[in-house]
Amino acid sequence: MFVDTVSIYRAAFTAHRGMKFSTHVVPMISGLFRLLAPFALLLLAPHVHAAWTLVQTDVPVTAIHETGRYQAEAGQIFGLDDMVETPANGGVQIQDAAGNSVALGHDTRVLLTRDAHIAILSGWVKVLHACDANKANCTVPVIQTTRTTITPANNTALVIAAAAANDEGADPQDADTDAVFCESGAASLLGVNGLRGKASPVQLDMHRFATHLATSDTIAVTARPDPAFVTAMPVMFRDALLALPMPANLRMDPPGNIRPVAYSDVSDWLRSGLTARRAPSTRFTARFRVRLSDPGFHRAIVQHIRDLPDWLPLVFPPPQHAVIRSRAIQTRSAYSYSTGPDRP
C-alpha cells in the first residue's frame, strides 16, 4: 500500500540541497423525537469523539486538559479538546480506535477536538488514515490550520507543516505558510476564511506537494516536495507511519502533576487565528474565563487586551444602565386600561 518513502524524500533533498523553504437529521414529529432522543444519543456517543491515546514518546509531553496543565506519558488517553504540545527534543505518536495514527514532530502544538478533528497551531504532523470507509467505526481525521482544512482519503498518509503567524523568530515570508505533502493516497485541501469569497477545494494526489500562503486564496500544487521542506522535516517522518500496539497501562484521568494554566501556557492559543478559538463548542473565552479569578492571569489578559478582542467584555464589562420608570408605571396594573381625558 505504501511506497518507499525514504527514497522520495532523499530525491527531493539531493536535487536542491540548501534551498530556502518558500513556501442530517430527518425532521420528526416532536413527540416521537423526545421519545427516541435518549436512545439516539446512546447510539451516536461512540462516534462523537474518537479518543486519542499517546502510544509512543521518548520524553514527557505537555497536555492542557480543560484549564489544567500536566506532563503526559505513554498510555495517556487524551480528553475532548485537549491541547497537546511536544518538546523541542522529540516527537510522539497518538492513535485512535478508528484506524488513525498521527505523529507529532518537535515543537508542535495541536488541539484534539471531536470526530477526530485536529487543529494545528504550529509544527509538524504526519497523518495516516488507514481505515476502510465501509467499517462501522471509521472516522476520517480532518486537519485544520489557521489557513487550510485538510481531509485525507482512505489509505492516505500526509505530512503537514504549519507555522503560526505569531511565531517569534519565524521568517515573515514563511510564517504564514502551510505545506502539505501527500505521501500516499489523496487528500482534499480547502482554504479557511478566503480573502475573496468562498474557496474551492483542491485535490492533492500521491507524491504531490501543496503550499498555501495566508495572503492568497490560491493553494499551489507542484509535482514534488520543496527540498527545504524535506530538509526541515523531522527525520522520523521519512519512514512510513505504521500503527503501533497500544501500551499495556492506559490512563483515562490526568496524573497528579496537573496544575492550573498560566497565561504564558495558553497565550499563543488565545491570540491565534484558529477557527476553534471562537467556535461555539471550543470557544477559548468560555473555556479559560474561570482563570480570570487568578490575579496574574487577569493582569496578563488586561496587558495584552489589544491582541485579545474577544476577552474585552470579560475584563471590561459594559456598564449596567438603570432603567428609570415613573411612579405611575410602577404602580399600574399590567392588565389595567383606562380611557377618556383622564387617561395617563
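Residues numbered from 1 in each chain as written. Predicted model: local features only at pLDDT ≥ 70, side-chain atom pairs only at ≥ 80, totals over all residues. Heavy atoms only, no water.

K.L.:
Please clarify how the overall build of the protein chain should be interpreted in this entry.
P.N.:
On a plain count of helices and strands, the protein chain comes out with 8 helices and 17 strands. Looking at the protein chain as a whole, 44% of its 344 residues are labelled buried. (Helix = DSSP H or I, 4+ residues; strand = E, 2+ residues; numbered from the N terminus. Buried < 20%, exposed > 50% of the residue type's maximum accessible area, 1.4 Å probe, protein only.)

K.L.:
What is the right way to look at the nonpolar core in this model?
P.N.:
What tends to happen in soluble globular proteins is that the nonpolar side chains get buried as a cluster. Counting residues in each nonpolar core, the largest one holds 31 residues, and the members touching the most others are Trp52, Phe78, Val102, Val110, Leu112, Ile160 and Leu189. No other element matches strand β8 (residues 117-129), which puts 4 residues into this core. Dropping the residues within four chain positions of it, leucine 112 is found in contact with Trp52, Phe78, Gly79, Leu80, Asp81, Asp82, Val84, Ile94, His117 and Ile118. (Core = buried A, V, L, I, M, F, W, Y, C linked by side-chain atoms within 4.5 Å. Contact = heavy atoms within 4.5 Å.)

K.L.:
Teacher, can you tell me more about the pattern of salt bridges here?
P.N.:
For side chains of opposite charge, pairing can occur when their charged atoms come near one another. Evaluated as defined, the whole model comprises 8 salt bridges. The partner of arginine 291 in a salt bridge is aspartate 294, with the nearest N and O atoms 3.9 Å apart. The network of salt bridges with shared partners includes Arg69, Arg259 and Asp265. (Salt bridge = Lys/Arg side-chain N within 4 Å of Asp/Glu carboxyl O.)

K.L.:
Can you walk me through the side chain of histidine 212 in this structure?
P.N.:
Assignment of secondary structure puts histidine 212 in strand β15 (residues 209-213). Classification of histidine 212 as buried rests on a relative accessible area of 5%. Within the structure, histidine 212 has its side chain in polar contact with the side chain of threonine 148 (distance 2.8 Å). Every residue in contact with histidine 212, bar those within four places of it in the chain, is listed here: Arg147, Thr148, Asp176, Thr177, Asp178, Gly191, Asp217, Thr218 and Ile219. (Polar contact = N/O pair within 3.5 Å; in protein donor to acceptor, adjacent residues only side chain to side chain.)

K.L.:
Looking at this model, I keep getting lost on the environment of serine 188. Mind explaining?
P.N.:
Relative to the elements of secondary structure, serine 188 occurs in strand β13 (residues 186-191). Leave out the neighbours within four places in its chain, and serine 188 touches Thr149, Ile150, Thr151, Pro201 and Val202.

K.L.:
For this particular structure, what's the right way to read the packing of helix α4 (residues 263-270) against helix α6 (residues 295-303)?
P.N.:
Helix-helix packing is described using two parameters, namely the angle between the two axes and the distance between the axes. Here α4 crosses α6 at 35°, and the two axes come no closer than 11 Å. Viewed along their axes, α4 and α6 form a crossing whose handedness is right-handed. Residues Tyr263, Val266 and Leu270 of α4 lie in contact with α6, whose contacting residues are Phe297, Ala300 and Ile301. (Axes fitted to C-alpha atoms, helices over the stretch in contact; angles between N-to-C directions. Left-handed = near helix turned anticlockwise from the far one by under 90°.)

K.L.:
Please explain the pairing of strand β1 (residues 53-57) as it appears in this structure.
P.N.:
Looking down a regular strand, the side chains alternate between one sheet face and the other. The buried fraction of β1 amounts to 4 of the 5 residues, a majority that puts the element mostly inside the structure. Pairing analysis gives 4 bridges linking β1 to strand β5 (residues 92-95), with the strands arranged antiparallel. Bridging across to β5, threonine 57 finds its partner in valine 92. (Pairing = 2+ DSSP bridges.)

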